[in-house]
Amino acid sequence: MLSRAQQSNLIYSRASLRQIIRSHNKVIALNPANANAFYCRANAKFMLKDYRGALADYNKAIEFNPGKTMAYYNRGFAELRLGDKSASYADFSKARELGIKESADINMEDEPQ
């Protein structure tokens, strides 16, 4: 997922998002450990509201590059859309710990106990 500022500056058609996914499928086929390709494909899937697909790709991006801070932040949104508040809270907390200031602005009133 893109930041709010990036989303407001970019408008993707469904067709262009599908093309982004196809392009990154090719990159992943050539280099199955390419964290950035998984991350970019996850963002496109998220924007197409394929939250489960996005979550799987964010997981892979983090597996191959645990320092990919925006992957934690964006995975938190995918988890939130899928109703997993506990996992979402953990990822937003990790993103905040890694320095993503926007994570501090997320209202997690229903913080898991």
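Conventions adopted
Residues numbered from 1 in each chain as written. Predicted model: local features only at pLDDT ≥ 70, side-chain atom pairs only at ≥ 80, totals over all residues. Heavy atoms only, no water. Axes fitted to C-alpha atoms, helices over the stretch in contact; angles between N-to-C directions. Helix = DSSP H or I, 4+ residues; strand = E, 2+ residues; numbered from the N terminus. Parallel < 35°, antiparallel > 145°, perpendicular 65-115°, else oblique. Left-handed = near helix turned anticlockwise from the far one by under 90°. Contact = heavy atoms within 4.5 Å. Nonpolar A, V, L, I, M, F, W, Y, C, P; charged D, E, K, R; others polar. Salt bridge = Lys/Arg side-chain N within 4 Å of Asp/Glu carboxyl O. Buried < 20%, exposed > 50% of the residue type's maximum accessible area, 1.4 Å probe, protein only. Expected span 1.5 Å × (residues − 1). Phe/Tyr/Trp six-rings, centres within 6.5 Å; stacked < 30°, edge-to-face > 60°. Lys NZ or Arg CZ within 6 Å of the ring centre and 35° of its normal.

Closest axis-to-axis distance for the helix α5 (residues 69–81)/helix α6 (residues 85–97) pair is 8 Å, and the angle between their directions is 160°. In terms of orientation, α5 lies roughly antiparallel with respect to α6. Handedness of the crossing formed by α5 with α6: left-handed. Listed contacts from α6 to Thr 69, Tyr 72, Tyr 73, Arg 75, Gly 76, Phe 77, Glu 79 and Leu 80 of α5 are Lys 85, Ala 87, Ser 88, Asp 91, Phe 92, Lys 94 and Ala 95. Class assignment for the residues of the contact of α5 with α6 results in seven nonpolar, three polar and five charged.

Under the counting rule described, the total for this entry stands at six salt bridges. For Arg 75, the salt bridge identified is with Glu 79, shortest N-O distance 3.7 Å. One end of the pair is Arg 75 and the other is Glu 79, both in helix α5 and four residues apart, which spans about a single turn. You can call Arg 75 buried: its relative accessible area is 14%. Classification of Glu 79 as buried rests on a relative accessible area of 7%. Sharing partners across several salt bridges, the network here consists of Arg 41, Lys 45 and Asp 57.

Counted at 1.5 Å a residue, the expected span for helix α4 (residues 51–64) with its 14 residues is 20 Å, and the 20 Å between its end C-alpha atoms agrees. Next to the buried residues of α4 lie α3 (35–47) and α5.

Time to look at unusual backbone geometry. Positive phi is not limited to glycine here, since Lys 49 has a value of about 65°. With respect to the helices and strands, Lys 49 occurs in the loop between α3 and α4. Assessed through its relative accessible area of 61%, Lys 49 is described here as exposed.

On to the side chain of Lys 45. Assignment of secondary structure puts Lys 45 in helix α3. Leaving out residues up to four positions away in the same chain, Lys 45 has contacts with Ile 21, Asp 50, Gly 53, Ala 54 and Asp 57.

What follows concerns the packing of aromatic side chains. The full count for this structure, using the stated rule, is six aromatic pairs. Both rings, one in Tyr 39 and one in Tyr 58, keep their centres 6.1 Å apart while their planes meet at 55°; by these two values the pair is tilted. With Tyr 39 in helix α3 and Tyr 58 in helix α4, this pair connects stretches of sequence that are 19 residues apart. Of the two residues, Tyr 39 and Tyr 58, both sit in the buried class. Judged by centre distance (5.1 Å) and plane angle (90°), the rings of Tyr 73 and Phe 77 are edge-to-face. Pair noted here: Tyr 73 and Phe 77 are both in helix α5, with a separation of four residues, about one helical turn. Feature note: the residues Tyr 73, Phe 77 and Phe 92 constitute an aromatic cluster, connected by ring pairs. A cation over an aromatic ring shows up here: Lys 68 above the ring of Tyr 39, its NZ or CZ 4.7 Å from the ring centre. A cation sits over an aromatic face here: Lys 94 above Tyr 72, 5.9 Å from the ring centre.

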